[in-house]
Each structure stands twice: as C-alpha cells, then as structure tokens.
Amino acid sequence: MVGLLQVGPSALVASRKNEMKMPSALERISHTCHSAPLASPGSTGIVVRCSLRGGPRRPLWRGRVMSTEAIQAVQSLKLAKHSPDKLVSVFGSSIGRLIKSDLLATLAELQRQNEFELAIMVFDFLRKESWYRPDLSLYSDMLFMLGKNKLVEMAEELFAELKSEGLGPDTRAYTEMIGAFLQAGKIDKAMEAYRLMKEGGCEPDKLTLTILIRNLEKMGDKQLALDVKKECAEYMDFPQRFLKKVGREYKGNHALTWS
C-alpha cells in the first residue's frame, strides 16, 4: 500500500508512486502507524506532567480562534482516519484547499487532541507546500507529541531530519528528545542528548532540568539525579528555590502524566 503521507494535491498523481527516492522518515512513520498497532496513549509508564514550556507555544498562524475551514478539516480527518481511501480524498479536497494559517491551525489542533497519526500526515503534507520554510517550533511540537506517545525511534528520525533541513536544535528541541528517551526508559540516550545539548551551546532551562530530575528520581537513578541537581547552580538564578519547587510538586503528584 502506498504510504498515506503521499496524499497532497500534487501527490495524488500516479507518477508520485513511481518515485525512486528513499521514502522520508515521516513516510516510514506513516507506514508504521497504519501497518501495526501502537501502544495507546494511556498505557502505563513513567511520565511527567510539566507546564514549563513557557506558556502557549509560538505558532506560525496568527489567529487564536480556529476558522470554520480548519475545524471542518480536523473533523473530516478524524472521520476518515480508519479508511485509507477516505484519507486520500480528504487530503485531496479539504486539506489541499486550506490556506497556510488554517493548515497550521489544523496541525496544532490535531496535536492538542493527540491525534498523532493524523498530525504526522498533516505535518508531512505542509512541508511539501510552496510556502513552507523549516521551522524549529514545528519540529519541537512534533517531537513533544511523538515522545508523549512513546514513539522514540520516530522522534529520533525527525530530530535527524530537522538537522538535514539546515536547522540547529535549540534548547526545546533537545529537551523534547530528552523527554522522549526518558519516556521509553532510555536513560543513557537521554543523558547523551543532555550532554550534546550543552556542548552545542544550548543551556538547559527549567523544563529540561525538571524533566531530568523527576524522571531520574522516579526511575531510581539517584546519583544521576543528584548530578543534574548540582548543575542547577550553573543554569538557574535561584537554584535552591527551584529545587524545592521541583521536589514539592513531584511529591504532591504521584500519578505523573505527560501533557
């Protein structure tokens, strides 16, 4: 079956099926999503709720209220998501007609609702639009969503793709990768990403340190958690106050969830 990400207006032509290039990472992601069941978002695991992403994430679309077209696009995608043929039709009609702001709003709403398979398709679709320019905030939102759903290998591929598009990972992009690794219990990879982050000139922020400390303590790696706590003096203006807040919120939230 042809990958469902090949559904944009220009992708509907038969010649698209005959391309000999290697499929993109997100095309492989789409194939994975539709060829095997995935763990449900509600499955058990070590997860952390953090509201430290600096308030509303910077959108590329300006309107705060979704347009009727964007709302209808989200509804159409959700109704069609279990039928490849219907998805092709939706992308070729309602999605293909969306203006830039509405397409970005559609992606953001799918991410908010954790419709991750549909969000992956829309993300790949908009990257083929003539107006598209590589943007770190878009990638970071996708990394967050993939990590939340424990799709770690997909997140790694996407992280590599943002580099291939000429983007340099920033603090948030690294933080989302760290969180994704910890979601999957991959402490070594999380700490390697943390090291690369610092070596690359990106300073850890409150979100980075909170995710690391809470998860490492929850996973029983007290020494690594202590090492990260010591580094708070270098990156936080008031490290003791910060650590007290992290400890207080952690103890008061035994059922930690990623949001």
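This text goes with the structure placed above it.
What counts, and at which threshold
- Residues numbered from 1 in each chain as written.
- Predicted model: local features only at pLDDT ≥ 70, side-chain atom pairs only at ≥ 80, totals over all residues.
- Heavy atoms only, no water.
- Axes fitted to C-alpha atoms, helices over the stretch in contact; angles between N-to-C directions.
- Helix = DSSP H or I, 4+ residues; strand = E, 2+ residues; numbered from the N terminus.
- Parallel < 35°, antiparallel > 145°, perpendicular 65-115°, else oblique.
- Contact = heavy atoms within 4.5 Å.
- Polar contact = N/O pair within 3.5 Å; in protein donor to acceptor, adjacent residues only side chain to side chain.
- Buried < 20%, exposed > 50% of the residue type's maximum accessible area, 1.4 Å probe, protein only.
- Core = buried A, V, L, I, M, F, W, Y, C linked by side-chain atoms within 4.5 Å.
- Expected span 1.5 Å × (residues − 1).
- Arc of directions from axis to C-beta.
- Phe/Tyr/Trp six-rings, centres within 6.5 Å; stacked < 30°, edge-to-face > 60°.
- Lys NZ or Arg CZ within 6 Å of the ring centre and 35° of its normal.
- Patch = residues over 30% accessible without salt bridge, like charges linked within 9 Å, V, L, I, M, F, W, Y side chains within 5 Å.
- Areas by Shrake-Rupley, 256 points an atom, 1.4 Å probe, with all protein chains shown as cover.
- Salt bridge = Lys/Arg side-chain N within 4 Å of Asp/Glu carboxyl O.
- Lys, Arg positive; Asp, Glu negative; His and termini not counted.
- Charge placed at Lys NZ, Arg CZ, Asp CG, Glu CD.
- Left-handed = near helix turned anticlockwise from the far one by under 90°.
- Nonpolar A, V, L, I, M, F, W, Y, C, P; charged D, E, K, R; others polar.

S.K.: An account of the packing of helix α6 (residues 136-148) against helix α8 (residues 171-183) is requested, with residue identities and associated values reported.
M.R.: Any two packed helices are characterised by how steeply their axes cross, that is the angle between the axes, and by the distance between the axes. The N-to-C vectors of α6 and α8 enclose an angle of 10°; their axes lie 8 Å apart at closest approach. What the angle tells us is that α6 and α8 run roughly parallel. Residues Leu136, Ser137, Ser140, Asp141, Leu143, Phe144, Gly147 and Lys148 of α6 form the contact with α8, whose own contacting residues are Arg172, Ala173, Glu176, Met177, Ala180 and Gln183.

S.K.: Please give an account of the side chain of Glu217 that cites residues and values.
M.R.: Along the chain, Glu217 falls in helix α10 (residues 206-218). A distance of 2.5 Å separates polar atoms of two side chains, one belonging to Glu217 and the other to Lys229.

S.K.: Let's hear about unusual backbone geometry: which residues, and what values?
M.R.: Here Asn114, not a glycine, exhibits a phi torsion of approximately 60°, which is positive. Mapped onto the secondary structure, Asn114 falls in the loop between α4 (100-112) and α5 (116-126). Unusually for a residue other than glycine, Lys150 sits at a positive phi of about 60°. The residue Lys150 is located in the loop between α6 and α7 (152-164) in this model. We classify Lys150 as partly exposed; its relative accessible area is 27%.

S.K.: Describe in detail the nonpolar core, supporting the description with residues and values.
M.R.: Of all hydrophobic cores here, the largest spans 66 residues; its most connected members are Leu77, Ile95 and Tyr194. Setting aside residues no more than four positions away along its own chain, Leu77 makes contact with Leu87, Val90, Phe91, Ile95, Thr106, Leu110, Leu118 and Val122.

S.K.: So what's going on with the environment of Ala80? Residues and values would help.
M.R.: If you trace the backbone, Ala80 turns up in helix α2 (residues 68-80). On the basis of relative accessibility, which here comes to 4%, the residue Ala80 falls in the buried class. Those residues in contact with Ala80, other than ones at most four positions away along the chain, are Lys86, Leu87 and Val90.

S.K.: Could you give an account of the side chain of Thr210, with specific residues and numbers?
M.R.: Along the chain, Thr210 falls in helix α10. Since its relative accessible area comes to 1%, Thr210 is described here as buried. Among the polar contacts made by the side chain of Thr210, one reaches the main-chain carbonyl oxygen of Lys206 at a distance of 2.7 Å.

S.K.: Explain helix α9 (residues 187-199) to me, using residue names and the numbers behind them.
M.R.: For α9, with 13 residues, the first-to-last C-alpha span of 18 Å sits near the 18 Å given by 1.5 Å per residue. Listed in full, the buried residues belonging to α9 are Ile187, Ala190, Met191, Ala193, Tyr194 and Met197. Down the axis of α9, the buried set is contained in an arc of 155°. They therefore lie on one face. Opposite the packed face of α9, turned more than 90 degrees from it, sit the exposed residues Asp188 and Glu199. Where α9 is buried, its residues contact α8, α10 and α11 (222-235). Of the residues trailing α9, Gly201 is marked for its positive phi of about 90°.

S.K.: Quick one: what's the story with the packing of aromatic side chains, residue by residue and with numbers?
M.R.: With the rule as written, the count across this model stands at 3 aromatic pairs. Plain terms: the ring middles of Phe91 and Phe125 are 5.5 Å apart, the flat faces sit at 55° to each other, and that makes the pair tilted. Note that Phe91 is positioned in helix α3 (residues 84-95) and Phe125 in helix α5, a separation of 34 residues in sequence. In this structure Phe91 comes out as buried when scored by relative accessible area, which is 0%. Relative to Tyr139, the ring of Phe123 lies with its centre 5.4 Å away and its plane at 85°, an arrangement referred to as edge-to-face. Residue Phe123 is found in helix α5, and its partner Tyr139 is found in helix α6; the two are separated by 16 residues along the sequence. Here Phe123 matches Tyr139 in class, with each residue buried. The positively charged end of Arg241 is found above the aromatic ring belonging to Phe238, 4.4 Å away from the centroid.

S.K.: Got a sec to walk through a positive patch on the surface? Specific residues and values, please.
M.R.: Together, Lys206, Arg241, Lys244, Lys245 and Arg248 make up a region of like positive charge exposed at the surface. Considering each element in turn, the positive patch owes the most residues, 4 residues, to helix α12 (residues 239-251). Here Lys206 lies in helix α10. Of the residues examined, Lys206 reaches a relative accessible area of 48% and is grouped as partly exposed.

S.K.: Run through the packing of α4 against α6, naming residues and quoting values.
M.R.: For the pair α4 and α6, the least separation of the axes is 11 Å and the interaxial angle reads 25°. With respect to their mutual orientation, α4 and α6 come out roughly parallel. Taken as a pair, α4 and α6 cross one another with a handedness that is left-handed. Seen from α4, the contacting residues are Leu104, Leu107 and Gln111; seen from α6, they are Leu138, Asp141, Met142, Met145 and Lys148. Across the contact of α4 with α6, the residue classes tally to 5 nonpolar, 1 polar and 2 charged.

Taken by themselves, the reported measurements are silent on function.
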